[in-house]
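Summary of the model geometry
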Amino acid sequence: MKKICSVASLIPFMLLLLSGCSSIGYKSTSMSAVYMATCFLSLLMLIGYLCLIKKKEIWFFILFTSVFIVNIGYLLLSVSKTLEMALWANRIAYLGSVFLPLSMVMIIMNISGLSYKKWTPCILALISVIVFIVAASPGYLDIYYKSVTLENVSGGAVLNKEYGSWHCLYLFYLMGYFIIMISTIIHAIVRKKLESVAHAAILIVAVFVNICVWLLEQLVRINFEFLSVSYIITELFLISAYLMIQHQEVLVSDLRAKILLTPKTGVTTFQKDSPEFIRHCEFIVEQLPRLTPSELAIYNCYLAGKTTKEVLQEMNIGENTLKFHNKNLYGKLGVSSRKQLLEYAKAINESKPR
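Below, the structure is looked at part by part. Residue positions are given per chain, counting from 1 as you read along its sequence in written order. With the structure being a predicted model, the display of local features is reserved for residues of pLDDT at least 70 and the display and counting of side-chain atom pairs for 80 or more, all residues being used for whole-chain, interface and lining totals. Think of the side-chain values as coming from all heavy atoms in the structure, minus any hydrogens and water.

The next subject is the packing of helix H5 (residues 120-135) against helix H6 (residues 168-190). Axis lines are fitted through C-alpha atoms, for helices just across the contact stretch, and the angle between N-to-C directions can take any value from 0 to 180 degrees. Going along the chain from the N terminus, every DSSP run of H or I of four or more residues is numbered as a helix, and every run of E of two or more is numbered as a strand. Look at H5 against H6: their axes get within 10 Å of each other, and the N-to-C directions meet at 150°. Here H5 lies roughly antiparallel to H6, going by the angle between them. Crossing of H5 over H6 shows left-handed handedness. Contact with H5, carried on its side by Leu-124, Ile-127, Ser-128, Val-131 and Val-134, involves Leu-169, Tyr-170, Tyr-173 and Tyr-177 of H6 and no other residues of that element. We call Asp, Glu, Lys and Arg charged. Ala, Val, Leu, Ile, Met, Phe, Trp, Tyr, Cys and Pro are nonpolar, and the rest, Gly among them, are polar. Of the residues belonging to the contact of H5 with H6, the class tally is eight nonpolar, one polar and no charged. Each angle is binned into one of four classes, with values under 35 degrees roughly parallel, values over 145 roughly antiparallel, values of 65 to 115 roughly perpendicular, and all other values oblique. By convention, the crossing between two helices is left-handed when the near helix turns anticlockwise from the far helix through less than a right angle, and right-handed when the turn is clockwise. Residue contacts follow a heavy-atom distance rule, with two residues in contact if any of their heavy atoms lie within 4.5 Å.

Right, let's get into the packing of aromatic side chains. How two aromatic rings sit relative to each other is set out by the distance from centre to centre and by the angle between their planes. Centre distance within 6.5 Å is the pairing criterion for rings of Phe, Tyr and Trp, where only the six-membered ring of Trp is used; planes under 30 degrees apart are then read as stacked, over 60 as edge-to-face, and the remainder as tilted. Across all of its chains, the model carries 10 aromatic pairs by this definition. Taking 6.0 Å as the distance between ring centres and 40° as the angle between the ring planes, the aromatic pair formed by Tyr-145 and Tyr-163 counts as tilted. On the criterion of sequence distance, the pair formed by Tyr-145 in strand S1 (residues 145-153) and Tyr-163 in strand S2 (residues 156-163) is long-range, its members being 18 residues apart. For Tyr-145, a relative accessible area of 3% corresponds to the buried category. Under the scheme applied here, a residue whose accessible area is under 20% of the maximum for its type counts as buried, over 50% as exposed, and between as partly exposed, the area being computed with a 1.4 Å probe on protein chains only. We classify Tyr-163 as partly exposed; its relative accessible area is 47%. Among the aromatic side chains, those forming a connected cluster through ring pairs are Tyr-94, Tyr-144, Tyr-145, Tyr-163, Tyr-170, Tyr-173 and Tyr-177. Lying across the ring of Trp-88, Arg-91 places its NZ or CZ 4.6 Å from the centre. Note on criteria: charge over ring means Lys NZ or Arg CZ within 6 Å of the ring centre, with the direction from the centre no more than 35 degrees off the ring normal.

Locating Ser-66 in the fold gives a position in helix H3 (residues 58-78). When sequence neighbours within four positions are dropped, the list of residues in contact with Ser-66 reads Gly-96, Phe-99 and Leu-100.

Moving on, we get to the pattern of salt bridges. We count a salt bridge whenever a side-chain nitrogen from Lys or Arg sits within 4 Å of a carboxyl oxygen from Asp or Glu. Per the counting criterion, the structure on display carries two salt bridges. The salt bridge involving Glu-295 is made with Lys-332; its shortest N-O contact spans 3.0 Å. Placement of the pair is Glu-295 in helix H10 (residues 293-303) and Lys-332 in helix H12 (residues 319-333), with a sequence separation of 37 residues. The buried category is assigned to Glu-295, whose relative accessible area is 3%. Here Lys-332 falls in the buried class, since its relative accessible area comes to 16%. Across the salt bridge formed by Glu-314 and Lys-306, the nearest N and O atoms sit 2.1 Å from each other. Looking at Lys-306, the relative accessible area reads 27%, which means it is partly exposed.

So, in structure tokens, the structure goes:
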């Protein structure tokens, strides 16, 4: 985790060295060098994810691939010699750009523990394809760009565009995804779905970095695409949050592995004064504030000695819903049964000062 944060802090500094230390006449050449650097970094991160991350997720693969494709498009555009080549480079950049927010949303949903219908990614992917088709239309139709020409600014290629009536589609597309991301994070914070404040902070920063850069590019005419940099920073923030959650899951799994259960009774073989039992009690105390309101209510019902039927009546829920909450409750506290949970809860209450 520390290594990832160190790399994240070095990237802006490296890009500043490439882009900010040259004279104005060489600005475009420096921008091409920066695009080359961002391509190289995004490729390294894609390779690093594939080689170093054991538990891989399809949406992270799409994210890392999309960022690499976007930067390839920006680089090819900056060195284009003809309008046709520039338009193809622009299409490549949009190919990554439309699928990147989709992958971000799905990653944030998964990290936040938000449930969704199985067809949700398919619908969002279909919308992304439609937006890409519209964004890739310049050169064939004038709905996205009314007119477009290729300019050479100090040796670097830049598209001079007059926006068409359908250009707002991509803007609404991005704004919609930003709203979904922010809403998901807020919902996860309110419902206590995130494991810690650090997770929430990382996700918020990841989203707002892109929002701020996107707004800057809408309000100020800048030839350089700063999103190429913000996308890489976003990768680092999201993978950091993901690795933190994986680390938490490993800790819980280790605790479960240490709880040796007999096949019939399910009673732990740990003595109540053993270091392992004490550490697990401390872990449960730390986890209690992170339970959702429903999980905490069920936990208190169990401590009060209520039966399953009484819990269902008090919570006004069905058996399947209770099983769902039990699975989450036991998983967060590192136990495998209500009996085991009560054993630890009893020890915790007995250790409290009176």
